[in-house]
Amino acid sequence: MRSDEFFNELIEKICQYPRGSTQRRKHMNRLMQNIIQSGKLWRENTSYYEDALQQTWLYLCRNLCEADTAEEPYNPQKSSVFTWLNSYLRWRLRDFRNQEQQKSTPPADPRLDPLGNLPDPRDRNIPPMLEEIRYWIESDPQGELRNTHIRGRQDLTCQVLMLRRLPPETGWRELEAEYGCSMSTLANFYQRQCLPRLRKRGESMGYF
Amino acid sequence: MPIPREAIQTAQQFAAEQAHPDKQRQVYYNTLAVWAVNDYCQLMEIDTDLTKSDSWNRLVRLCSNVADLEITGLGKLECRPVFENTNFVYIPAEVWEDRIGYVAVAIDKSFKEAALLGFTRAATTEEVSLSQLQSLDELLDCLELPVEQPLELRANLSQWFDNLFEEGWQSVEELLGSLYSPPVAFRRAHPAMVKRAKRIQLQDRSLALLLDLNKDDRQNVRIRAQVYSLTSNTPLPEGLALMVLDETGEPFLESQAGTADRFIQTKRFQFIEQPEEDFTVKIVLGEESVTEAFVVRN
């Protein structure tokens with residue numbers, strides 16, 4: 001069990017390094033790990049706990065040495081770092097609790113069966129984007145996808161690979177065995193030649 | 001890192017776009033992993049840009065198993081989820097290139113916490129054992145913004161043997177034509193030999209940098225660099241220097257042009273120690289120089 005002294009010494013060390021420096025980050029990392037391991041941070045089992053905890057970590061990082069959002073930075077003379085953090089954490093938790101209480105029906109925790117709540121894709125039509133892209137790849141109006149291929153392998157075109165990698169995607173190992181071309185060559189070609197064309201297509205279609 | 005509700009909602013939203021249950025699950029976990037690393041970067045005051053990340057791009061997400069996070073000024077960091085009861089992190093082949101590195105993120109089954117388990121700079125296999133990962137300190141070292149160094153495009157010489165060449169690297173015949181004097185043997189293409197050339201401008205002289213690679217029996221790549229004058233009937237300028245620097249920037253080979261050299265070259269060199277080796281070729285004329293960066297994967 002680490003003592004308060006240990007934490008204060010570590011904090012002093014952190015504050016000696018300039019902001020944004022790698023040394024400061026590494027020591028901040030160590031501090032956070034030790035805080036977690038101490039088990040002294042307030043815990044509760046509410047749906048908003050993690051939201052509040054993330055805000056608390058941000059508070060720690062921004063106000064430990066310099067006061068970014070707090071009125072003054074952490075002061076070891078006033079309290080231990082745990083008291084300081086827990087006080088902030090519990091204020092945030094209170095805010096969330098008040099928000100929930102103001103709603104007539106508090107929202108359900110999205111974590112409860114998160115993937116189970118998704119509509120089964122087989123129950124509905126395949127989403128239009130997938131079909132649109134499949135159509136674009138197959139029709140390849142400018143012949144660009146057909147004509148872009150791995151050097152020395154005219155059969156391995158962007159058109160072929162993109163169709164195989166559309167969901168349900170064929171694994172790279174399988175493609176390697178099927179085409180007798182190394183996985184890294186296939187994937188590298190896909191990443192560097194085919195995906196950029198896909199991105200360009202997306203931009204022209206106004207997808208983003 | 002704690003997983004806030006907004007992360008879950010975003011992951012669900014992205015997953016809902018997918019048509020197949022496996023792909024839904026893939027996107028769901030990838031999104032949570034990227035979110036966790038993004039939050040971590042925020043704590044460490046490392047600038048990120050989700051809008052430039054493929055993982056946040058609906059179309060690319062659909063067609064690729066990608067979980068990248070764009071780190072401003074440095075490139076993409078891949079954030080791969082680690083599933084319960086497994087001791088490896090899965091890194092799909094389509095993200096093996098153009099990445100600062102890979103962070104393994106374990107997402108607990110209650111979806112409350114995402115643990116950043118470790119980091120690796122390179123991926124050459126789809127399954128990386130967790131025991132091979134390095135600590136986050138290594139990640140933080142990689143995320144250090146270099147002072148005044150532009151993001152270099154490093155030519156990947158190992159891929160030259162697969163006929164994948166970066167822009168600017170042409171066949172020697174194309175660039176040099178009759179100016180090139182090949183060694184007497186081997187004028188035919190040979191699978192374990194590759195030669196490519198790139199045009200270099202230095203103080204309004206047109207030059208060509210040539211890299212001549214071959215693989216020995218043990219698959220070690222042996223390299224020789226040459227510089228040719230591209231202006232026929234004009235030799236290289238006297239004092240032109242060709243240097244090879246190791247990954248720390250230390251020169252270990254150098255060659256200089258005399259009064260009437262059509263070309264200069266270095267001795268053949270190779271790297272055998274690390275699985276991945278970076279080096280730079282530097283051509284110097286007076287006050288000016290041009291550098292080209294390379295990587296070899298053994």
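Quick caveat: nothing in here was measured; it's all calculated off a predicted structure. (Residues numbered from 1 in each chain as written. Chains lettered and ligands numbered in written order. Predicted model: local features only at pLDDT ≥ 70, side-chain atom pairs only at ≥ 80, totals over all residues. Heavy atoms only, no water.)

J.: Before we move on, can you summarise empty space enclosed by the protein with the specific residues and values?
T.: Under the defined criterion, the tally for this structure stands at 4 cavities of 30 Å³ or more. The computed volume of the largest cavity comes to approximately 90 Å³. In terms of lining, the largest cavity is formed by Gly-20, Ser-21, Arg-24, Arg-25, Met-28, Cys-61 and Arg-62 of chain A together with Leu-43, Met-44 and Glu-45 of chain B. Taken together, the elements giving at least two residues each to the lining of the largest cavity come down to helix H2 (22-38) and helix H3 (49-63) of chain A. (1 Å grid on protein atoms, 1.4 Å probe; cavity = no way out; pocket = protein on both sides within 12 Å on 5 of 7 lines; lining within 4 Å. Points joined across faces, edges and corners; volume = space filled by probe spheres on them. Helix = DSSP H or I, 4+ residues; strand = E, 2+ residues; numbered from the N terminus.)

J.: Kindly report on the interface of chain A and chain B, identifying the contributing residues and their values.
T.: Between chain A and chain B, the contact holds 59 residues from the first and 61 residues from the second. Of the roughly 5600 Å² buried where chain A meets chain B, counting both sides, 56% is carbon and sulfur surface. In this structure, the connection of chain A to chain B is made through 10 salt bridges. With its nearest N and O atoms 2.9 Å apart, the salt bridge here joins Arg-165 of chain A to Glu-94 of chain B. Counting residues per element, the ones that place at least two in the side of chain A that touches chain B are H2, H3, helix H4 (81-102), helix H5 (128-139), helix H8 (172-179) and helix H9 (183-204) of chain A. Within the side of chain A that touches chain B, the residues separate by chemical class into 30 nonpolar, 12 polar and 17 charged. (Contact = heavy atoms within 4.5 Å. Buried area = accessible area lost by both parts, 1.4 Å probe. Salt bridge = Lys/Arg side-chain N within 4 Å of Asp/Glu carboxyl O. Nonpolar A, V, L, I, M, F, W, Y, C, P; charged D, E, K, R; others polar.)

J.: I'd like a rundown of the environment of Phe-294 of chain B, residues and numbers included.
T.: Residues and elements named next belong to chain B. Structurally, Phe-294 is set in strand S17 (residues 288-297). The spacing of Phe-294 and Val-281 is 13 residues in sequence and 8.0 Å in space, taken between C-alpha atoms. Beyond its immediate chain neighbours, meaning those up to four positions away, Phe-294 contacts Arg-154, Ala-155, Leu-157, Trp-169, Leu-209, Leu-211, Glu-277, Asp-278, Phe-279 and Val-281.

J.: So what's going on with the sheet that holds strand S12 (residues 241-245) of chain B? Residues and values would help.
T.: Residues and elements named next belong to chain B. Strand order in the open sheet formed by 5 strands is S7-S17-S16-S12-S13, and the pairing between neighbours is mixed. Looking at which strands have only one partner, the edges of the open sheet turn out to be strand S7 (155-156) and strand S13 (251-256). Pairing geometry for S7 and S17, over 2 bridges, is parallel. Across the sheet, the residue bridging to Asn-156 is Val-295, located in S17. (Pairing = 2+ DSSP bridges.)

J.: Pulling in residues and values, what's your account of the sheet that holds strand S5 (residues 114-120) of chain B?
T.: Residue and element names in this part refer to chain B. One open sheet holds the 4 strands; their spatial order is S1-S2-S4-S5, and the pairing between them is mixed. A strand with exactly one partner marks an edge of an open sheet, and here the two such strands are strand S1 (68-71) and S5. Across the sheet, the mean angle separating the axes of adjacent strands is 30° when strand polarity is ignored. Taken together, the 4 bridges between S1 and strand S2 (residues 75-82) define a ladder with antiparallel strand orientation. By the bridge assignment, Asp-68 is partnered in S2 with Glu-78. Strand contacts of helix H2 (residues 21-43): S1, S2, strand S4 (101-107) and S5, with the helix running at about 125° to S2, the strand carrying the most contacts. (Axes fitted to C-alpha atoms, helices over the stretch in contact; angles between N-to-C directions.)

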